[in-house]
Structures are given as C-alpha cells and as structure tokens.
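Residue-level structure breakdown
Spelled out, the chains give:
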Amino acid sequence: MNLIRKNCDLMYELDSSEIDHPFRETASQLAMLVPKNLEQLHFTGACQPIVEYLGQANLYIAEEEPWTLFKQGERERAVRCLCTCLEVVRVSAVLLKPVTPMLSDRIYQSLGFPEHQWQDLRWSDAEWGGLKLGHKFPTPVPVFPRLEAPAPVA
C-alpha cells in the first residue's frame, strides 16, 4: 500500500475488470470452489487454495519488483502489477470472510471499502473486478501488527 501511496496518491489507476491476468481465472475458480468446500465443512479444501493464490501473488510482485519499475520509469507496468495484486487481496478477503471474519474485515477496510459494503458481501463479490478506476485507498495502516523480538535477558 505504501507504493500506491507514494506513486499513485492512494488512487487505484485501473479498472480491475479490465486486467487480463491468469489471477483472474483463478479468482473465478476459487469463487466456485471455496463456497462448496465450506458448505461441506472442508476447511482445508476451502482455505489452502486461497493461501496458494496469495502466495502466487506474492511471488508475482517479488518477480515484477514494481518499486524498481517505478524508478526505471516503467510506471504503467508497475501500476498494473500493484493493481493486480490488490485485486487478488480483495478477492481473497471476500473468500476468507466466513473463516477469518475479523481479519478479512481489516483487509477490506484497508482497501477502502466501507463497513456497510463489507456486511452485505455475497459470494459473487469474489469475482474479479471489484476495484474500480479512481477507487481511493485510505492512509495505509498495517493489517498485522509488527512483532518485536523480546530483548535479550542479561
């Protein structure tokens, strides 16, 4: 989010429904798979694919290095990478809501969605394309607090 703050003025610069990336197809598959597995109380079958999806997005952002792309003047490619990954995070938050409602709520709010929209989510909201051109993000705050190592005992 800090890259979006620094380089995009906390503004989503694409319409995610226009991003053609393999993550889009995976989102559609997950939107069908996760509810079925949760209905059958198969939590691993519901959650593991989402964790893998997020892992793939993490690998994608590490390989693309949008922070470097911005410095090299490849702004369009950097923005596309960030917007793609933020849409992956949004989709994942929707899919994880029944399992981790408080965490998913913090993620969704960090993406700038109002609480009433969060309360009214449906499985169909996990479909790719929820982040729209011009969507404004709030000032970034960590979703997970930083864990500090305890001071060594003398």
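Residues numbered from 1 in each chain as written. Predicted model: local features only at pLDDT ≥ 70, side-chain atom pairs only at ≥ 80, totals over all residues. Heavy atoms only, no water.

**Quick look at the pattern of salt bridges**
For the structure shown, the criterion picks out five salt bridges. The partner of Glu-13 in a salt bridge is Arg-75, with the nearest N and O atoms 2.6 Å apart. Here Glu-13, found in the loop between helix H1 (2-8) and helix H2 (22-39), pairs with Arg-75, found in helix H5 (residues 75-96); they are 62 residues apart in sequence, far enough to count as distant. On the accessibility criterion, Arg-75 (35% relative accessible area) is partly exposed. A salt bridge links Arg-77 to Glu-74; the shortest N-O distance between them is 3.4 Å. For Arg-77, a relative accessible area of 40% corresponds to the partly exposed category. (Salt bridge = Lys/Arg side-chain N within 4 Å of Asp/Glu carboxyl O. Helix = DSSP H or I, 4+ residues; strand = E, 2+ residues; numbered from the N terminus. Buried < 20%, exposed > 50% of the residue type's maximum accessible area, 1.4 Å probe, protein only.)

**Some thoughts on the environment of Pro-101**
If you trace the backbone, Pro-101 turns up in helix H6 (residues 101-110). Since its relative accessible area comes to 43%, Pro-101 is described here as partly exposed.

**Observations concerning the state of the cysteines**
Following the criterion strictly, the structure yields zero disulfides and no others. Sulfur of Cys-81: no disulfide; nearest cysteine sulfur belongs to Cys-85 and is 4.5 Å away. On the basis of relative accessibility, which here comes to 0%, the residue Cys-81 falls in the buried class. Its relative accessible area of 8% is what places Cys-85 among the buried residues. (Disulfide = S-S within 2.5 Å.)

Scope: geometric values only; no functional claims are made or implied.
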